[in-house]
Amino acid sequence: GNSVTQMEGPVTLSEEAFLTINCTYTATGYPSLFWYVQYPGEGLQLLLKATKADDKGSNKGFEATYRKETTSFHLEKGSVQVSDSAVYFCALSGRTNDYKLSFGAGTTVTVRA
Amino acid sequence: DGGITQSPKYLFRKEGQNVTLSCEQNLNHDAMYWYRQDPGQGLRLIYYSQIVNDFQKGDIAEGYSVSREKKESFPLTVTSAQKNPTAFYLCASSIKGAEDTQYFGPGTRLTVL
C-alpha cells in the first residue's frame, strides 16, 4: 500500500537558517505529492503540491521537487522566520478512485528569533 | 467567505455517550472527508463521501458513523463503541476533478472524560 516517511522532529532553528525536511514515499503508479502545514491549534493548510516527476512545487518561499528516482519530496526553505513555526506533513494521493491521502507523521519545526 | 467550518472547537463528553461533530462547507465541493489526528502521528482517514447519500469507510471507521444528506454537510458521530475517542478531528473537502487536493477545516478537539 501507499505510505509516507518523513524525518522525525522536533526541529529547532534560528531565524534566517536553512530548513530541510526529508520525505520519502512508497506507492504504486504515479502519486501526487503534497506538503501541508498546521499552525498551533488550527487545521491543515495546503502548502504546495506536485503531480508528476521532476515537478517543483513552491509557495511562501518553500520548495519541494518530486523525485521519482529516489521516491522523495523533500521540503526546503532558504531563510526561515519565526512565523514558520508549525507542524509540517508530507502526504501522497495514489489517484485511485477514492483519492485517499496518506500522511507522514509530521515534523514539528520551531524557529527562534 | 468560502470555507469549511467545524463546530465546536472544543468538545467534552463523558465516557459512554455518543457525540456528533459538525462539518459544513460552502465551497460547493463534492467530496468530504473525516480524519483523526493523534499526537505525534499523521492523519488517519475515518470516513469519506464522494457524493450525497453515499459514503465509504476509511482506515479506522470502527466506532464512528457518518451521514451525507446534503452536499454542504458531513457530520461525524463518535459512538460509545469507539474505544479511544479523545483526539483532534479534522474535516476536509475536495472539488470534483481535483479530488487529490483537499482543503481542511479548523478541527474539533474532543476530550472524553
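Preceding block: the structure.
Scope of this entry: the structure provided in the associated data block. These numbers were taken from a predicted model, which means no experiment stands behind them. (Residues numbered from 1 in each chain as written. Chains lettered and ligands numbered in written order. Predicted model: local features only at pLDDT ≥ 70, side-chain atom pairs only at ≥ 80, totals over all residues. Heavy atoms only, no water.)

1. Notes on the packing of aromatic side chains
Remark: the centre distance and the inter-plane angle together describe each pair of aromatic rings, the angle taken between the planes. Applied cut-off: Any pair of Phe, Tyr and Trp rings, taking the six-membered ring for Trp, is counted once the centres come within 6.5 Å. Such a pair is stacked with planes under 30 degrees apart, edge-to-face with planes over 60 apart, and tilted for the rest. By definition, any uninterrupted DSSP run of H or I lasting at least four residues is a helix, any uninterrupted run of E lasting at least two residues is a strand, and each is numbered from the N terminus. Think of it in three bands: residues with accessible area under 20% of the maximum for their type are buried, residues over 50% are exposed, and the middle band is partly exposed, with areas taken using a 1.4 Å probe on protein chains only.
Scanning the entire structure with this criterion turns up 13 aromatic pairs over all chains. Taking 6.1 Å as the distance between ring centres and 80° as the angle between the ring planes, the aromatic pair formed by Y25(A) and Y66(A) counts as edge-to-face. Note that Y25(A) is positioned in strand β4 (residues 23-26) and Y66(A) in the loop between β8 (62-65) and β9 (75-77), a separation of 41 residues in sequence. Across this residue pair, the class does not change: Y25(A) and Y66(A) are buried. A centroid spacing of 5.6 Å and a plane angle of 40° characterise the contact between Y35(B) and F104(B), whose relative ring orientation is tilted. Here Y35(B) is found in strand β4 (residues 31-37), whereas its partner F104(B) is found in strand β10 (residues 103-104), with 69 residues between them in sequence. On the basis of relative accessible area, Y35(B) is assigned to the buried category, the value being 0%. Judged by relative accessible area, which is 12%, F104(B) ranks as buried.

2. Comments concerning a nonpolar patch on the surface
All names here are of chain B. Which entries qualify depends on this criterion: Patch members must show over 30% relative accessible area and no salt bridge, and they are joined within 9 Å when carrying like charges or within 5 Å when they are nonpolar side chains of Val, Leu, Ile, Met, Phe, Trp or Tyr. All accessible areas in this document rest on Shrake-Rupley with a 1.4 Å probe, and a residue is counted as covered only by the protein chains that are shown. A carboxyl oxygen of Asp or Glu within 4 Å of a side-chain nitrogen of Lys or Arg is what we treat as a salt bridge.
Taken together, Y10, F12 and L113 make up a surface patch of nonpolar side chains, about 380 Å² in accessible area. Following the sequence through the fold, L113 ends up in the segment after β11 (108-112). On the accessibility criterion, L113 (62% relative accessible area) is exposed.

3. Description of the pairing of strand β7 (residues 56-59) of chain A
All names here are of chain A. Put simply, the test is: At least two DSSP bridges between two strands are needed for those strands to be called paired.
Pairing of β7 with β8 involves 4 bridges; the strand directions are antiparallel. If you follow N59 over to β8, its bridge partner there is F62. The hairpin formed by β7 and β8 contains 2 residues between the paired strands, and K60 there has a positive phi angle of roughly 55°.

4. Re the interface of chain B and chain A
The condition is simple: Contacts between residues were defined by any pair of non-hydrogen atoms, one from each residue, lying within 4.5 Å. Two parts placed together each lose some accessible area; with a 1.4 Å probe, that loss summed over both constitutes the buried area. Pairing of N or O atoms within 3.5 Å defines a polar contact, subject to two protein rules: one partner must be a possible hydrogen donor and the other a possible acceptor, and residues neighboring in sequence count only if both atoms are side-chain atoms.
If you look at the interface, chain B gives 21 residues, while chain A gives 21 residues. Contact between chain B and chain A buries roughly 1,600 Å² in total, counting both sides, with carbon and sulfur atoms accounting for 53%. Sorting the residues of chain B by area buried against chain A places L43(B), D100(B) and F104(B) first, and these three jointly supply 31% of that buried surface. Counting the contacts that link chain B with chain A gives 0 salt bridges. Where chain B touches chain A, the interface holds 5 residue pairs in polar contact (both at pLDDT 80 or more). Those elements that place two or more of their residues in the side of chain B that touches chain A are β4, β5 (43-51) and β9 (87-94) of chain B. Of the residues forming the side of chain B that touches chain A, the biggest block, 4 residues, is contributed by β5(B).

5. Remarks on the sheet that holds strand β7 (residues 64-66) of chain B
Residues and elements named next belong to chain B. The criterion, for reference: Working convention: axes come from line fits to C-alpha atoms, limited for helices to the stretch in contact. Angles between N-to-C directions cover 0 to 180 degrees.
Spatially, β1-β3-β8-β7 is the arrangement adopted by the 4 strands of the open sheet, whose pairing is antiparallel. Pairing within the sheet leaves two strands with one partner each, and these edge strands are β1 (4-7) and β7. Neighbouring strand axes in the sheet, compared pairwise and without regard to direction, differ in orientation by 20° on average. Pairing of β7 with strand β8 (residues 76-78), which is carried by 3 bridges, proceeds in the antiparallel orientation. Note that in β8 the partner of V66 across the bridge is L76.

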